[in-house]
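Now for the letters of each chain:
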Amino acid sequence: MTSTQSSSLSFTSSFKTSSSSRKQRQRRRRRRRAHSFNDELVVVKASTNDDEEFVSALNAKFAIPTSVSFFHDECDETKSSPYVSLTHKNGSTAKVYLFGANCASWTQPTGDEVLFVRPDAKFDESVPIAGGIPICFPQFGMNGPMSQQHGFARNMRWEVIGTSADVNPDDPEPAVMLSLKSNEETRKMWPFEFECTYEVTLRREKLKCEFCVKNCADDLKDELEFTAALHSYIEVVDATDSENVYAKGNLKGKSYMDKEIDAKNPPLMTCDKDRVTFGTKLVDSIFLNTDPEVLLHVGNGAAVSVENTTGWRDHVIWNPHENMPQCYKQFACVESACAVKPVVLPGDGYVWKSEMNLTVVTL
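Here is a short report on the structure shown in this document. Note that the coordinates shown come from a computational prediction; the quantities given were computed from them, not determined experimentally.

Conventions adopted
- Residues numbered from 1 in each chain as written.
- Predicted model: local features only at pLDDT ≥ 70, side-chain atom pairs only at ≥ 80, totals over all residues.
- Heavy atoms only, no water.
- Helix = DSSP H or I, 4+ residues; strand = E, 2+ residues; numbered from the N terminus.
- Buried < 20%, exposed > 50% of the residue type's maximum accessible area, 1.4 Å probe, protein only.
- Disulfide = S-S within 2.5 Å.
- Pairing = 2+ DSSP bridges.
- Axes fitted to C-alpha atoms, helices over the stretch in contact; angles between N-to-C directions.
- Contact = heavy atoms within 4.5 Å.
- Polar contact = N/O pair within 3.5 Å; in protein donor to acceptor, adjacent residues only side chain to side chain.
- 1 Å grid on protein atoms, 1.4 Å probe; cavity = no way out; pocket = protein on both sides within 12 Å on 5 of 7 lines; lining within 4 Å.
- Points joined across faces, edges and corners; volume = space filled by probe spheres on them.
- Nonpolar A, V, L, I, M, F, W, Y, C, P; charged D, E, K, R; others polar.
- Salt bridge = Lys/Arg side-chain N within 4 Å of Asp/Glu carboxyl O.
- Patch = residues over 30% accessible without salt bridge, like charges linked within 9 Å, V, L, I, M, F, W, Y side chains within 5 Å.
- Areas by Shrake-Rupley, 256 points an atom, 1.4 Å probe, with all protein chains shown as cover.
- Lys, Arg positive; Asp, Glu negative; His and termini not counted.
- Charge placed at Lys NZ, Arg CZ, Asp CG, Glu CD.
- Phe/Tyr/Trp six-rings, centres within 6.5 Å; stacked < 30°, edge-to-face > 60°.
- Lys NZ or Arg CZ within 6 Å of the ring centre and 35° of its normal.

What follows concerns the overall build of the protein. Along the protein, the regular secondary structure elements total 3 helices and 22 strands. Within the protein, the proportion of its 363 residues that are buried is 53%.

Encoded structure:
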């Protein structure tokens, strides 16, 4: 069952606490850096001049043999883009770029890719990565005070603050935790004190994405409001094949906002069926207060479950159709979101917590 907003808010000095001292000891043995707001964080910061040296420092501090490693893509002679590679012992992998904290790849043990990156994507940190799982924060789309589509979180390099390969119960589950804090640049666009953390965990059969926001204002009354989403691009065989590629969930009777009709002032509609198909027109729908799970049938006898486990209340379903003629047949987006009604977060250390789980389901 999806948690309500109130159950996703907490007053805490740490995003994560252990359930027992034994588990804490296990985590300390496996985790290279534990994260706590009360600790003075020792963070390796980006070097714009020498990412090779930067990546070496990350590996020295955070790498875990066979599970977590850091690399960087050579974009040209002057630019590169660092990322962390997570490897499960079953052969599945994930790739998370520090720029935008974007999980741009999740492969199955067979080597099959689940996520999709558009052919026009750039990895030189000049623009958000077009594909994978961009983080929309502190606003979704243009629903907020900023002029920047989807906010700034996907446009900034995040900091590595922890890695782990915890045993659950006996499988290493590689994970990385990244952080984005308010700074001079963010305050020009959004005048609030905050810290976001994003933890990606590669489980045996799932990709778990935990996104948290802390209001760092001293006064309880200094609230901040935001909308947000994990904008998951999922690879499909052919989005125009409506018999085999479609999103399905308990959608019939649910309210949704249809941005295909009017992007600026989308009408509120009631869905009359449980599936959404693609291929005949632009699909851009925000389904409000949905049940936790929506399945995207990808056309090869499998589906990807997009589960709003905690915090998220909406699902966004999107396919650009002929607005992106070079690639629209190859993907569809099913996103976990708080896209319309803002999250209201009190100051004095309150934290909003969310979790999305992606699972490949054989039909």
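Take the state of the cysteines next. Throughout the structure, instances matching the rule amount to 0 disulfides. In this structure Cys103 is not part of a disulfide, and its nearest cysteine sulfur, from Cys209, lies 5.9 Å away. Cys333 supplies the cysteine sulfur nearest to Cys136, a cysteine that is in no disulfide, at a spacing of 9.5 Å. What makes Cys136 buried here is its relative accessible area of 1%.

This brings us to the sheet that holds strand E5 (residues 103-107). Read across the open sheet, the 4 strands follow the order E2-E3-E4-E5; overall the sheet is antiparallel. Edge positions in the sheet fall to strand E2 (68-74) and E5, since each has one partner strand and no second. With strand direction ignored, the average angle separating the axes of adjacent strands in the sheet is 20°. With respect to the sheet, helix H2 (residues 51-62) is in contact with E2 and strand E3 (80-87), its orientation differing from that of E2 by roughly 175°.

For Trp312, the position within the fold is in the loop between strand E19 (302-310) and strand E20 (314-319). Given a relative accessible area of 0%, Trp312 falls into the buried group. Here the alpha-carbon distance between Trp312 and Asn289, two residues 23 residues apart in the chain, equals 8.8 Å. Here Ser354 takes part through its side chain, which lies 3.3 Å from a polar atom of the side chain of Trp312.

Relative to the assigned elements, Gly347 resides in the loop between strand E21 (331-345) and strand E22 (350-362). Separated by 126 residues in the primary sequence, Gly347 and Lys221 place their C-alpha atoms 6.1 Å from one another. Discounting chain neighbours no more than four positions away, the residues touching Gly347 are Asn215, Ala217, Asp219, Leu220 and Asp222.

With that out of the way, let us pick up the pairing of strand E7 (residues 159-167). For E7, the buried fraction is high: 7 of the 9 residues fall into the buried class. As paired elements, E7 and strand E8 (residues 172-181) share 8 bridges and run antiparallel to each other. Following the sheet pairing, Val167 is matched in E8 by Pro172.

Moving on, we get to the layout of surface pockets. Reported here for the second largest pocket is a volume of approximately 560 Å³. Forming the walls of the second largest pocket are 27 residues, and the residues nearest its centre are Phe140, Gly141, Gln149, His150 and Lys259. Looking at the lining of the second largest pocket, the elements with two or more residues in it are strand E17 (283-287), E20 and E21. For the lining of the second largest pocket, the element with the most residues is E21, which contributes 3 residues. Its residues assigned to classes, the lining of the second largest pocket comprises 15 nonpolar, 6 polar and 6 charged.

With that settled, the discussion passes to the pairing of strand E14 (residues 255-258). A regular strand carries its side chains on alternate faces of the sheet. Across 3 bridges, E14 lies against strand E15 (residues 268-270) in antiparallel orientation. Within E15, the position partnered with Ser255 by the bridge is Thr270. The pairing of E14 with E17 spans 3 bridges and is classified as antiparallel. Of the residues in E17, the one forming a bridge with Met257 is Ile286.

With that settled, the discussion passes to the pattern of salt bridges. Between side chains of opposite charge, a pair can form as their charged atoms come close. Going through the model one piece at a time under the given rule, you end up with 10 salt bridges. Put simply, Arg157 and Glu125 hold a salt bridge, and the shortest N to O gap is 2.8 Å. One end of the pair, Arg157, is in the loop between strand E6 (135-136) and E7; the other, Glu125, is in the loop between E5 and E6, with 32 residues separating them in the sequence.

A surface patch of like charges, here negative, comprises Asp218, Asp219, Asp222, Glu223, Glu225 and Asp348. Tracing the backbone through its elements, the reader meets Asp222 in the loop between strand E10 (206-215) and strand E11 (224-230). On the accessibility criterion, Asp222 (41% relative accessible area) is partly exposed.

Turning our attention to the packing of aromatic side chains. This structure, assessed with the given rule, holds 23 aromatic pairs. Between Phe62 and Phe70, the aromatic rings sit 6.5 Å apart at their centres with planes inclined by 55°, giving tilted as the arrangement. A single burial state applies to Phe62 and to Phe70, both of which are buried. Plain terms: the ring middles of Phe211 and Trp312 are 6.4 Å apart, the flat faces sit at 5° to each other, and that makes the pair stacked. Here Phe211 is found in strand E10, whereas its partner Trp312 is found in the loop between E19 and E20, with 101 residues between them in sequence. In this structure Phe211 comes out as buried when scored by relative accessible area, which is 0%. By the ring-pair criterion, three or more aromatic residues cluster together here, those being Phe137, Phe152, Trp190, Phe192, Phe194, Tyr198, Phe211, Phe226, Trp312 and Trp352. Over the ring of Tyr246 we find Arg275, and its NZ or CZ is 3.7 Å from the ring centre.

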